[in-house]
Amino acid sequence: MKVDIGPVTRLEGHLSIQTTVENNVITEAVSRGEMFRGFEAFLRGRDPLDAQQITQRICGVCPYAHAIASSYAQENAYKLIVPPNGRILHNLIQGANHLYDYLLHFYQLSALDFVDVTAILKYKGTDSDLTALGDWVKAETGSKSSFPAAPFLPRLSGRYIADAQTNILALKHYIESLEIQKKANKASAIFGGKFPHATAIFPGGCTQEPDIDHIASYRSLIREVQDFIHKKYLPDILAVAGEFPEYWHIGQSRGGFLSYGLLPFGPELDSKRLFAPGVLLENNISQVNFDAIREDVKYSKYSSPSGLTVKEGELTPSPHKPGAYSWVKAPRYQGKMVEVGPAARILVDYRQNNNPKIKQLVDKFAGMAGIKADNLNSVLGRHLCRAISAVVIADFLLEETERIDIQAPFMAQYDLPESGEGFGATEASRGALLHYIRIKEYKIEKYECVVPTTWNCSPKDDRDQPGALESALVGTRVENPEEQIEANRIVHSFDPCLACAVH
Amino acid sequence: MMDRREFLKMAACLSASFGITQLPGMVYAALKKIDPAGVPRLLYLQGQSCTGCSISLLQAESPNAVSMITQYSKLSFHTDLSATSGKQALNLIEDYISGKAGEYYLAVEGSIPWDMPEACVIGDKPFADYLAAAAKTMNGAIAVGTCATHGGIPAAEGNLTGAVSLKEFYKRKEINPLLIEIPGCSVHPDWVWKTIIHLVQVGLPELINGQPKLFFSRKVHELCPRYHDFQQEIFALKLGDKGCLFKLGCLGPDTYADCPTRWWNGGQTWCIDANAPCIGCAAPSFAAKKNFPFYRSFEQTMNGTSEDNK
């Protein structure tokens, strides 16, 4: 039987998944991105310095990642000399944005797949958040409302955590995380100007001076976030893992892994990064080559040629193209499907022994859960890799503030060239993010973005290989084929962002 | 100028025509506790959007997002927050839009692809179909963010989908619903949530050009703490300088919004405090034209006024 489980909620944007289910097992999955805007078309002919502003509007969940990727691309195109402070401020802005995004993803976008909201009705304590929530759910479920306790009910059928105390604690953290994510965003806004959509980020630095007033506020906010990560976020993931250990083995993608590396230690873009770049294909690590990326469109709604490199990218929408089922293109690395995102980021770093802290955390938690590093390619693995990323990034950000020289410049000086080109590669919270800019006669001649969810939620490529998410859904057992909470958990573990994927 | 009493009376009359029950009571309830049964639901749908406005709504301080979702707005559906999904979610949306589920306001984030309806689909239907149907049943619509109020980035020059604002969409459909427009890329959470509190507790807020006067009556430049620098001709001449940012292309003189007094992210900062020129994200002409870049020399600014760019 064919069942459409879309629109899938608790993710960014417009994603539908059509599944084929036989004997309660998904045998085929088709991932459809259903919204198109066409950034690469309307960026052409604009002023290059507009790019880090416009591309942030690709995604309001991870705008800072786009600002950073665009800034890197422009730095390469302008051959900018970036002051050390400029790079540090970029890192402070981007890193804090990762922290908010991980918390939002686990609590607001994923937790309701596991946590039983109705457990709040059993709460007898005095915590004001929980009593308010409990009173509200009681009043709602006793009212004549058509959909009481929305948006938390109704929900899909399936097994939720049974223990009331575990649920109640998780609900408390759901509420608390909403306060904590604001602190992470406040921290990045100190140097970014505001969140979402930072106005103070530029190629080569940001316009906000890193004086002690700003640094002290930033540090204090990050410390609060760090405390929550250690005392609540990590333990909550382990609690979910304890209740649903089968999800270490559910939702594996069937390809390689790609990461561009995250947070450079120095002003030069080829500096060593906190998370190392690399591509992991059939267990072999190699360096990333942007020319090995081609975007197929056999099943995408474009009539422009298939299999173009990033530099050649074209975009001619064709909404009624026969056989096409998604607005997402299908990027492939050396013709192979790869997963990007937290698991890819951690595995690529771990296999290269780049960051000892990552190795230590992976080994520790894999040991506790009784899994191998390879099992990070799973629903729980992706959640754990986000938390490991959060721990490592929070420590780094506090160290990074100590490297600021408050007397030194924090913005590069520009003399924009008539022509030039450059790639900008970083890791958004959702994975490998690549921007490419080509400038001619002082204007953008070509702008291309290959974005994390473009990889993960891609349709089949020209050789009919499925995308990472499509492959991860196949073989999954579903109790209720009409609703498929199991498939929803897999989709959520990728944290899809469809505005990013199509752009 | 009307006084407060006249305004409340007008609000009551206006609100009565939108089908809210118990109206005079609601008007005088401005300082009273909200009656949960009387709060209309909020159905939040996204068109060609980036979700930035939704994420901004989660940055609210007082009241915070949880209070807004559960107490004031009675948020019945939002893609990012709803537990429900798939067919169950579509049924919920359909029940509201068909009028079966009771009173509601429709919040719309994002633009509408007029020339290419297939460029935004929910379930098996174009987003546009939901908007047209909802116009018959909703109390009113709130356009959230510059994409919904003016087309925004998806409607920028050279776009391929013919993206339009909610107002333009309804105009072309010859429908004239109650529409409250809250621009900003993204919106400030207060602008949306406090408009909703006004709707729930007092009635329709006073609007100027469709936008709540409470937030959009003065220009950024008029309220700017660097207005003194402007008068004294203390100008920033390169990015990263302090002083008035006008000569770097600041669009504060063209943009109606209260950012200079409200600040962003819980009062932590805002663009100009971070020495970043206002890019006019709440203005009708935001990002509209290729030949009007965000960062301009003084000469460019004088040669291309915003009037040319609407």
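About the thresholds
Residues numbered from 1 in each chain as written. Chains lettered and ligands numbered in written order. Predicted model: local features only at pLDDT ≥ 70, side-chain atom pairs only at ≥ 80, totals over all residues. Heavy atoms only, no water. Pairing = 2+ DSSP bridges. Helix = DSSP H or I, 4+ residues; strand = E, 2+ residues; numbered from the N terminus. Axes fitted to C-alpha atoms, helices over the stretch in contact; angles between N-to-C directions. Contact = heavy atoms within 4.5 Å. Salt bridge = Lys/Arg side-chain N within 4 Å of Asp/Glu carboxyl O. Buried < 20%, exposed > 50% of the residue type's maximum accessible area, 1.4 Å probe, protein only. Parallel < 35°, antiparallel > 145°, perpendicular 65-115°, else oblique. Left-handed = near helix turned anticlockwise from the far one by under 90°. Nonpolar A, V, L, I, M, F, W, Y, C, P; charged D, E, K, R; others polar. pLDDT = per-residue confidence, 0-100. Buried area = accessible area lost by both parts, 1.4 Å probe.

Asker: Give a detailed account of the sheet that holds strand 3 (residues 104–109) of chain B, specifying residues and quantitative values.
Answerer: Residue and element names in this part refer to chain B. Across the sheet, which stays open at both edges, the five strands sit in the order 2-1-3-7-9 with parallel pairing between neighbours. What marks the edges here is a single partner per strand, and that holds for strand 2 (75–77) and strand 9 (179–182). Strand-to-strand, the axes of this sheet are offset by a mean angle of 25 degrees, without reference to chain direction. Running at roughly 120 degrees to strand 1 (residues 41–46), helix 5 (residues 86–97) makes contact with strand 1, strand 2 and strand 3 of the sheet.

Asker: So what's going on with the pattern of salt bridges? Which residues, and what values?
Answerer: Residue and element names in this part refer to chain A. In this structure the tally under the stated criterion is 43 salt bridges over all chains. Between Asp-395 and Lys-357 there is a salt bridge; the shortest N-O distance is 2.9 Å. Here Asp-395 is found in helix 10 (residues 379–402), whereas its partner Lys-357 is found in helix 9 (residues 356–369), with 38 residues between them in sequence. With relative accessibility at 28%, the residue Lys-357 sits in the partly exposed group. Notably, a salt bridge pairs Arg-477 with Glu-479, separated by 3.9 Å at the nearest N-O pair.

Asker: Before we move on, could you go through the environment of Gln-232 of chain B and cite the residues and values that matter?
Answerer: Residues and elements named next belong to chain B. Assignment of secondary structure puts Gln-232 in the loop between helix 12 (227–231) and helix 13 (259–262). The partly exposed category is assigned to Gln-232, whose relative accessible area is 49%. For the pair formed by Gln-232 and Asp-258, sequence separation is 26 residues and the distance between their alpha carbons is 23 Å.

Asker: Before we move on, can you summarise the packing of helix 6 (residues 164–192) of chain A against helix 7 (residues 212–243) of chain A with the specific residues and values?
Answerer: Residue and element names in this part refer to chain A. The N-to-C vectors of helix 6 and helix 7 enclose an angle of 150 degrees; their axes lie 9 Å apart at closest approach. The angle between helix 6 and helix 7 places the two elements in the roughly antiparallel class. Seen along the crossing, helix 6 lies across helix 7 with a hand that is left-handed. Contacts between helix 6 and helix 7 involve His-173, Glu-176, Ser-177, Ile-180, Lys-183, Ala-184, Lys-186, Ala-187, Ser-188, Ile-190 and Phe-191 on the former and, on the latter, His-214, Ile-215, Ser-217, Tyr-218, Leu-221, Ile-222, Glu-224, Val-225, Phe-228, Lys-232 and Asp-236.

Asker: Provide a residue-level description of the packing of helix 8 (residues 342–351) of chain A against helix 9 of chain A, including the pertinent values.
Answerer: Residue and element names in this part refer to chain A. Where helix 8 contacts helix 9, the axes come no closer than 9 Å and their chain directions differ by 110 degrees. By the angle class used here, helix 8 and helix 9 are roughly perpendicular. Handedness of the helix 8/helix 9 crossing: left-handed. Along its contact with helix 8, which presents Ile-346, Asp-349 and Tyr-350, the element helix 9 presents Ile-358, Lys-359, Val-362 and Asp-363. When its residues are assigned to classes, the contact of helix 8 with helix 9 shows four nonpolar, no polar and three charged.

Asker: Before we move on, could you go through the confidence of the model for chain B and cite the residues and values that matter?
Answerer: Residues and elements named next belong to chain B. For chain B, mean pLDDT is 89; residues scoring 70 or higher make up 85% of the total. Below a pLDDT of 50 lies the segment residues 11–31, which in the model reaches 32 contacts outside its immediate sequence neighbourhood of four places, other chains included. Per the prediction output, this complex has pTM 0.95; the corresponding ipTM is 0.98.

Asker: Mind laying out the interface of chain A and chain B, listing which residues take part and the relevant values?
Answerer: Counting residues at the interface gives 86 residues for chain A, matched by 82 residues for chain B. Of the roughly 6900 Å² buried at the junction of chain A and chain B (both faces included), carbon and sulfur atoms supply 58%. Summed over the three residues of chain A that lose the most area to chain B, namely Arg-46, Phe-147 and Pro-151 of chain A, the buried surface amounts to 9% of that side. Taken together, the connections running from chain A to chain B amount to five salt bridges. Elements with a contribution of two residues or more to the side of chain A that touches chain B: strand 1 (2–4), helix 1 (39–42), helix 2 (51–54), helix 4 (84–110), helix 5 (128–141), helix 6 and helix 7 of chain A. In terms of residue count, helix 6 of chain A provides more of the side of chain A that touches chain B than any other element does, 10 residues in total.

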